[in-house]
Amino acid sequence: MKTVSKQELLESVGKTLQTTEWFTVNQEQIDLFAEVTHDHQFIHVDPERAAQTPFGSTIAHGYLTLSLLSHFAEAFSLLVEDMQMAVNYGFDKVRFIAPVKVDSRIRAHARLLDVTEKKPGQFMLKTEVTVEIEGAAKPALLAEWLTMQVAG
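Rules used in this analysis
Residues numbered from 1 in each chain as written. Predicted model: local features only at pLDDT ≥ 70, side-chain atom pairs only at ≥ 80, totals over all residues. Heavy atoms only, no water. Helix = DSSP H or I, 4+ residues; strand = E, 2+ residues; numbered from the N terminus. Buried < 20%, exposed > 50% of the residue type's maximum accessible area, 1.4 Å probe, protein only. Areas by Shrake-Rupley, 256 points an atom, 1.4 Å probe, with all protein chains shown as cover. Lys, Arg positive; Asp, Glu negative; His and termini not counted. Charge placed at Lys NZ, Arg CZ, Asp CG, Glu CD. Arc of directions from axis to C-beta. 1 Å grid on protein atoms, 1.4 Å probe; cavity = no way out; pocket = protein on both sides within 12 Å on 5 of 7 lines; lining within 4 Å. Points joined across faces, edges and corners; volume = space filled by probe spheres on them. Nonpolar A, V, L, I, M, F, W, Y, C, P; charged D, E, K, R; others polar. Pairing = 2+ DSSP bridges. Contact = heavy atoms within 4.5 Å. Polar contact = N/O pair within 3.5 Å; in protein donor to acceptor, adjacent residues only side chain to side chain.

Student: What am I meant to see in the overall build of the chain here?
Tutor: Scanning the chain from terminus to terminus reveals six helices and seven strands. Its helices and strands in sequence order give the chain the pattern β-α-β-α-α-α-α-α-β-β-β-β-β, from N to C terminus. In terms of overall dimensions, the chain has C-alpha extents of about 55 × 30 × 20 Å along its principal axes. When the 152 residues of the chain are sorted by exposure, 40% land in the buried category. Per element, the accessible surface of the chain, about 8500 Å² overall, is 49% carbon and sulfur. If the 14 positive side-chain charges of the chain are averaged to one point and the 20 negative ones to another, these points end up 8 Å apart.

Rendered as structure tokens:
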């Protein structure tokens with residue numbers, strides 16, 4: 001995360017932010033996510049059955065990949081100086097494009113699309129995030145993520 005002035009934040013609209021480090025999605029993470037969400041579909045948690053599908057292995061839940069944006073944001077986020085808190089505001093768009101097979105490495109690319117000062121010191125950021133799968137032709141997902149930063 002990088003702290004910037006209000007002016008620097010506004011001037012960053014349209015710019016590509018820092019690409020994240022690679023992150024390996026393993027079966028243990030997939031299984032834990034299945035436990036938390038109660039989504040035990042075999043394609044995620046049964047390696048033997050999943051091997052018989054066109055994917056050839058288990059795949060991560062799309063929502064697991066999406067939830068990793070919080071982790072990736074630590075690398076690419078711009079924080080307005082004097083920020084007291086930042087909250088997840090939702091998404092304008094989320095598309096799951098390609099499955100993330102077990103033991104794949106993924107990383108995020110981000111571009112700041114918009115910054116709107118809703119009230120003095122309240123900044124709504126819209127960030128386009130693409131999650132790349134190492135060696136794959138298509139990304140895992142594309143999202144337009146909204147966050148609110150409140151500066152004091």
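What follows continues from the structure just given.
Student: Please explain helix H6 (residues 69-76) as it appears in this structure.
Tutor: The periodicity of an α-helix, 3.6 residues per turn, causes residues three or four places apart in sequence to face the same way. Every buried residue of H6 is accounted for by Leu 69, Phe 72, Ala 73 and Phe 76. All buried residues of H6 fall inside an arc of 110° around its axis, so they share one side.

Student: Quick question: what am I supposed to make of the layout of surface pockets here?
Tutor: Gaps left between atoms show up when a probe the size of a water molecule is rolled over them. The calculated volume of the largest pocket comes to roughly 320 Å³. Around the largest pocket, the lining comprises 20 residues; the ones closest to its centre are Ala 73, Ser 77, Ala 86, Trp 145 and Thr 147. Counting only elements with at least two residues in the lining of the largest pocket, the list comes to H6, strand E3 (78-80), strand E4 (83-96), strand E6 (122-133) and strand E7 (141-151). Within the lining of the largest pocket, the residues separate by chemical class into 13 nonpolar, six polar and one charged.

Student: Which parts of the structure should I look at to understand the pairing of E7?
Tutor: For a regular strand, the rule is simple: side chains alternate between the two faces of the sheet. The element E7 is largely enclosed, with a buried count of nine among its eleven residues. Examined bridge by bridge, E4 and E7 share eleven bridges and lie antiparallel to one another. When the sheet's bridge partners are listed, Val 94 is paired in E7 with Ala 143. Bridge count for E6 against E7 is ten bridges, and the pairing is antiparallel. If you follow Lys 126 over to E7, its bridge partner there is Leu 146.

Student: Help me understand the side chain of Thr 127 in this model?
Tutor: Tracing the backbone through its elements, the reader meets Thr 127 in strand E6. Filtering out sequence-adjacent residues up to four positions away, Thr 127 remains in contact with Leu 17, Phe 76, Ala 110, Arg 111, Leu 112, Leu 113, Ala 143, Glu 144 and Trp 145.

Student: Sorry, what's going on with the environment of Leu 113 here?
Tutor: Structurally, Leu 113 can be placed in strand E5 (residues 104-119). Placed 22 residues apart in sequence, Leu 113 and Gly 135 show a C-alpha to C-alpha distance of 27 Å. Among residues more than four places away in sequence, those in contact with Leu 113 are Val 13, Lys 126, Thr 127, Glu 128 and Glu 144.

Student: What should I look at first to understand helix H2 (residues 27-37) in this one?
Tutor: By the burial criterion, the buried members of H2 are Gln 27, Ile 30, Phe 33 and Ala 34. Here the buried residues of H2 occupy an arc of 125° about the axis, which is enough to place them on one side. Turned more than 90 degrees from where H2 packs its buried face, Glu 28, Leu 32 and Val 36 sit exposed. On its buried side, H2 packs onto strand E2 (23-25), helix H3 (42-45), helix H4 (47-50) and helix H5 (62-67). Among the residues of H2, the N-terminal cap falls to Asn 26, whose side-chain oxygen and the backbone nitrogen of Glu 28 are separated by 3.1 Å.

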